[in-house]
Amino acid sequence: MSCSSCSTGKDGQPKGCKNNGTCGTDGCNKLTVFDWLSNMSLPNGERPFDFVEVRFKNSRKEFFQNTENLSLSIGDIVATQAQSGHDIGMVTLTGELVRVQMKRKKESFTDVEAPKVYRKASQKDIDIWQKCRDREDEIKKRAREIAIILKLQMKISDVEFQGDGSKATFYYTADERVDFRQLIKDMAKAFGIRIEMRQIGYRQEAQRLGGIGSCGRELCCSTWLTDFRSVSTSAARYQQLSLNPQKLAGQCGKLKCCLNYELDVYVDALKDFPAQDTKLFTEKGLAFCQKTDIFKEMLWFSYKDNPANWHVLSKDQVNEIIEKNKKKEKVASLEMYAMEIVVEEKVVFENVVGQDSLTRFDKPKGAGNNNKNENRNRNRNKNKNKNRNRNQKDA
């Protein structure tokens, strides 16, 4: 997902448009909806839907009414209504799909007081907008310094300017309630603009900033994920994952959203699966469950007196033993039901095109000296044989 401005340069270095997802070509936008109705014409007498979807910095999207009947298409830069002044954004969706999106997000399209689109942005509007966006990094750094001086327990993660440059919204995260009244006064005096503070969660912060996850791909929340569902440690337990906070936590410090992706499959598979704390009563002794493999439908049991020796049983066999135990019947032993697992040998490396052996550096120390000694002995033997042949010819 990238636009022409983000492509690689002649020297192999990435150019980087530095627009943070609001490129003019709309090629690297996050959470963009594909307009599959764009090539279809409206029936006779039908007027196009008069709302458009406009996106601002990062993933913030709002719906605006096109009261002026402007001819708008995806990628147009427009001036929209704000609480005071106007804002600049990019049109990301038009037509009937906007109606669908508004129903999905429970937005009313019959509201008379809905915000409106003023006009298509002029070059002067775009210049002011770009100038304000170029100041964001500098202002964010200065705002963090002011917060540190005031000893406020908060982190300013992002800054978003209004399109006309009259107001800036500072997004911050904090564990506790923060009194930032003095901070607003100092920042308004330093920057000469109206200040709005908006607290966000740690997941929203990761969504706005983006990054690369432990899987090597871009964060789901900053690319395609539109909502945040609660993630609990039970999701990791169902999937038999190690409850290690360092492995289960994402860049936001919370549990990874991807723990929910395969959870339903595991829950369905465990419906008719014996519980992890299942005990089997046999004539040989009491057996406990040590390990389970959900997809292969196998369980490993060991006797209480011999926990090191595991016996593998299928799910149906375990259920059969459980039913007998409920009837107060004991099976003879686990060995009667134990399955033999055939382990297939996998070829780790096969030299098919004449590559060097992967174990060529695994020789013990001194092996090279032994090879040198063997070569010297061979050469000496060859010289001795040559001298003997010469002496026999001379005789």
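Preceding this paragraph is the structure being described.
Below or above, wherever it landed, is the structure these notes cover.

Definitions and cut-offs
- Residues numbered from 1 in each chain as written.
- Predicted model: local features only at pLDDT ≥ 70, side-chain atom pairs only at ≥ 80, totals over all residues.
- Heavy atoms only, no water.
- Helix = DSSP H or I, 4+ residues; strand = E, 2+ residues; numbered from the N terminus.
- Buried < 20%, exposed > 50% of the residue type's maximum accessible area, 1.4 Å probe, protein only.
- Pairing = 2+ DSSP bridges.
- Axes fitted to C-alpha atoms, helices over the stretch in contact; angles between N-to-C directions.
- Contact = heavy atoms within 4.5 Å.
- Salt bridge = Lys/Arg side-chain N within 4 Å of Asp/Glu carboxyl O.

Time to look at unusual backbone geometry. We note that asparagine 69 has phi near 55 degrees; this positive angle belongs to a residue other than glycine. Along the polypeptide, asparagine 69 turns up in the loop between strand S2 (61-65) and strand S3 (77-81). For asparagine 69, a relative accessible area of 56% translates into the label exposed. Not every positive phi belongs to a glycine, and glutamate 297 is a case in point at roughly 55 degrees. With respect to the helices and strands, glutamate 297 occurs in the loop between strand S10 (285-293) and strand S11 (298-303).

With that out of the way, let us pick up the sheet that holds strand S7 (residues 167-173). Pairing between the strands of a sheet comes from backbone hydrogen bonds, and it takes one of two forms, parallel or antiparallel. Spatially, three strands are ordered S6-S7-S8 in an open sheet, and the strand pairing comes out mixed. Each edge of the sheet is formed by a strand with only one pairing partner; in this case those strands are strand S6 (155-161) and strand S8 (194-199). Looking at each pair of strands side by side, their axes are set apart by 25 degrees on average, direction ignored. The pairing of S7 with S8 spans six bridges and is parallel. By the bridge assignment, threonine 169 is partnered in S8 with glutamate 196. Helix H3 (residues 136-149) rests against S6 and S7 of the sheet, and its axis sits at about 145 degrees to S6. Relative to the sheet, helix H4 (residues 181-191) contacts S7 and S8, its axis offset from that of S8 by approximately 140 degrees.

To continue, consider the environment of lysine 247. Relative to the assigned elements, lysine 247 resides in helix H8 (residues 245-248). Classification of lysine 247 as exposed rests on a relative accessible area of 60%. Considering only alpha carbons, one finds lysine 247 and serine 214, 33 residues apart in sequence, at a separation of 8.8 Å.

This part covers the pattern of salt bridges. Applying the stated criterion to the full structure yields 22 salt bridges. Among the salt bridges present, the one from glutamate 160 reaches arginine 60, with a minimum N-O distance of 2.6 Å. Of this pair, glutamate 160 sits in strand S6 while arginine 60 is found in the loop between strand S1 (51-55) and S2, placing the two residues 100 residues apart along the sequence. Taking relative accessible area as the criterion, glutamate 160 reaches 5% and is therefore assigned buried. Looking at arginine 60, the relative accessible area reads 19%, which means it is buried. Here aspartate 76 makes a salt bridge to lysine 120, at a shortest N to O gap of 3.9 Å. Remark: lysine 120 occurs in strand S5 (residues 117-120) and aspartate 76 occurs in the loop between S2 and S3; sequence separation between them is 44 residues. Overall, the relative accessible area of 18% leaves aspartate 76 in the buried class. Through salt bridges with shared partners, a single ionic network connects Lys57, Arg60, Glu62, Asp87, Glu136, Asp158, Glu160 and Arg208.

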